[in-house]
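Examination of the molecular architecture
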Amino acid sequence: MRNALGLMLASVVAAVVIAAGGWFYYSSRADQAAPKTIAARAADPLPAQAKLAAKDDVATTAAIAAKPAAAAPAPAPAPMPVQQKSTCANPNALGVSRVVEIDTTGGPGFGFDHFKQFDFLTDKEVVLTFDDGPWPVNTPAVLKALADECAKGLFFSVGKHATYHPEILRQVLAQGHTVGTHTWSHVNLNGKKMTEQMAKDEVEKGISAVKYALGTNPAPFFRFPQLQHNPAIVSYFGTRNVAMFSTDIDSFDFRKGATPEKIIETVMTRLDKLGKGIILMHDFQKHTGEAMPALLARLKAGGYKIVQIKAKTTLQSLPEYDEALLKDLKVPTSSARPIGSVVQTVSQ
């Protein structure tokens, strides 16, 4: 009886042990197969200093939107100062691709025929320059061709010619072109009898004459007649902060026998070889004005672009040369009488 009771008690204990072990085994497998998720605890509030730091960081680096937003378009680059097509009557005009401003401090030089330091043109860019004007018929012909294509040029005026035809030179400026100087009388500044003072007088009197004709200061740009660069004047321009212009492409439009066709072929042959450059022409020459419409058409067809040159500042003439010019021109002293006592409308 006692043995039977003990056997029964042992069976009950064994069953309990087996059941507990099985529960432990299956619960362990269940935990490994599907881990439970636990709700995250709400973040502790930031202390005041941390909140300030976070705000400052967002203000500096910009906040991120909670929802994806459409990307804002990138800001457009600042436009180059170019000729506005809307101001041109020709919708297919060659125009001006860009305008460059030159700081003439120290008297820099441009044009690879004589100056190698500054190469500011990119491929297919040209600068149109004209010497020796203003002159009747010829300069207006150049201006018309440029206006028809909304193109701009750089004009180097001879002082004496400026005093002959100031109204034409003022027209050059009024149409938006840049006006520099080219001595008083187009004399070779490297001539055998030319002294340093004589060369300086030619330069400064020319500046005063162009200023007189324009009624305002010209650009501090100069081209030596015949491209004869007088070393003393080159140094002098450094003190006057005048930029000097040589050329890359000479049209040779001044030569005997030059025709519009020859001028165009001379320019385009050289230009196609170099790919860019400062072009030297003469608005004083009749055939240059005749060649301009076709030349501009060839430039446009060839994919060339016009670059206009302007100066950062203007060139102030020297008072002593202004006074000497007025004496030479025998300009009368201005009258103190009011205009109403001089000019009256008598019929309208």
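Residues numbered from 1 in each chain as written. Predicted model: local features only at pLDDT ≥ 70, side-chain atom pairs only at ≥ 80, totals over all residues. Heavy atoms only, no water.

Every second residue of strand S5 (residues 178-181) is oriented toward a common face, with Thr178 and Gly180 on one face and Val179 and Thr181 on the other, all of them buried. Across four bridges, strand S4 (residues 154-157) lies against S5 in parallel orientation. When the bridges of S5 are listed, Phe156 appears paired with Gly180. (Buried < 20%, exposed > 50% of the residue type's maximum accessible area, 1.4 Å probe, protein only. Helix = DSSP H or I, 4+ residues; strand = E, 2+ residues; numbered from the N terminus. Pairing = 2+ DSSP bridges.)

Looking only at helix H5 (residues 166-174), the buried set comprises Pro166, Ile168, Leu169 and Val172. For H5, the buried positions fall inside an angular range of 160° around the axis, keeping them on one side. The elements touched by buried residues of H5 are helix H3 (138-148), S4, helix H4 (159-164), S5 and helix H6 (196-214). (Arc of directions from axis to C-beta. Contact = heavy atoms within 4.5 Å.)

Within this structure, the stated rule accounts for 12 aromatic pairs. Taking the centre distance of 4.9 Å and the plane angle of 25° together, the rings of Phe130 and Phe155 count as stacked. Taken as a pair, Phe130 in strand S3 (residues 125-131) and Phe155 in strand S4 lie far apart in primary sequence, 25 residues in all. Both residues of the pair, Phe130 and Phe155, belong to the buried class. Relative to Phe237, the ring of Phe224 lies with its centre 5.9 Å away and its plane at 65°, an arrangement referred to as edge-to-face. Of this pair, Phe224 sits in the loop between strand S6 (221-222) and helix H7 (231-240) while Phe237 sits in helix H7, and the two are 13 residues apart along the sequence. Classification of Phe224 by relative accessible area gives buried; the value is 1%. What makes Phe237 buried here is its relative accessible area of 1%. A network of ring pairs unites the aromatic residues Phe110, Phe118, Phe120, Phe156, Phe221 and Phe245 as a single cluster. (Phe/Tyr/Trp six-rings, centres within 6.5 Å; stacked < 30°, edge-to-face > 60°.)

It is worth spelling out the pattern of salt bridges at this point. One pass over the full model with this rule turns up 10 salt bridges. Here Asp148 ties to Lys144 by a salt bridge, and the two come within 2.9 Å at their closest N and O atoms. Taken together, the positions of Asp148 and Lys144, both in helix H3 and four residues apart, correspond to about one turn of that helix. Owing to a relative accessible area of 40%, Asp148 belongs among the partly exposed residues under this scheme. Residue Lys144 is classed as exposed on the basis of its relative accessible area, which comes to 53%. (Salt bridge = Lys/Arg side-chain N within 4 Å of Asp/Glu carboxyl O.)

Below, the discussion takes up the pairing of strand S9 (residues 277-282). For S9, a buried count of six out of six residues is recorded, marking the element as mostly surrounded by other parts of the structure. Across six bridges, S3 lies against S9 in parallel orientation. Bridged to Val127 within S9 is Ile278. In this sheet, S9 lies alongside strand S8 (residues 249-250) in parallel orientation, the contact comprising two bridges.

This part is about the confidence of the model for the chain. As a general rule, the predicted coordinates of low-pLDDT regions are not to be interpreted in detail. Mean pLDDT for the chain: 81, with 72% of residues reaching 70 or above. Contacts for the low-pLDDT stretch residues 1-10, under 50 throughout, to residues beyond four places or in other chains number zero contacts. (pLDDT = per-residue confidence, 0-100.)

Take the state of the cysteines next. Each disulfide is one covalent bond, formed between the sulfur atoms of two cysteines. Following the criterion strictly, the structure yields one disulfide and no others. Here Cys88 is linked by a disulfide to Cys150, with a sulfur-sulfur distance of 1.9 Å. An S-S torsion of about 110° defines the bridge between Cys88 and Cys150 as right-handed. On the criterion of sequence distance, the pair formed by Cys88 in the loop between helix H2 (48-61) and strand S1 (98-102) and Cys150 in the loop between H3 and S4 is long-range, its members being 62 residues apart. Note on accessibility: Cys88 and Cys150 belong to one class, buried. (Disulfide = S-S within 2.5 Å.)

Glancing now at the packing of H5 against H6. At a minimum axis separation of 8 Å, H5 and H6 run at an interaxial angle of 80°. In terms of orientation, H5 and H6 fall into the roughly perpendicular class. When H5 is examined against H6, the residues Pro166, Leu169, Arg170 and Leu173 are found in contact with a partner set consisting of Val210, Ala213 and Leu214. In terms of residue class, the contact of H5 with H6 is built from six nonpolar, no polar and one charged. (Axes fitted to C-alpha atoms, helices over the stretch in contact; angles between N-to-C directions. Parallel < 35°, antiparallel > 145°, perpendicular 65-115°, else oblique. Nonpolar A, V, L, I, M, F, W, Y, C, P; charged D, E, K, R; others polar.)

Attention now goes to the side chain of Thr104. With respect to the secondary-structure elements, Thr104 resides in the loop between S1 and strand S2 (109-110). Its relative accessible area of 3% is what places Thr104 among the buried residues. Only 2.7 Å separates the side chain of Thr104 from the backbone oxygen of Asn241, close enough to count as a polar contact. The contact partners of Thr104, leaving out residues within four places of it in the chain, are Pro220, Phe221, Asn241, Val242, Ala243 and Thr313. (Polar contact = N/O pair within 3.5 Å; in protein donor to acceptor, adjacent residues only side chain to side chain.)

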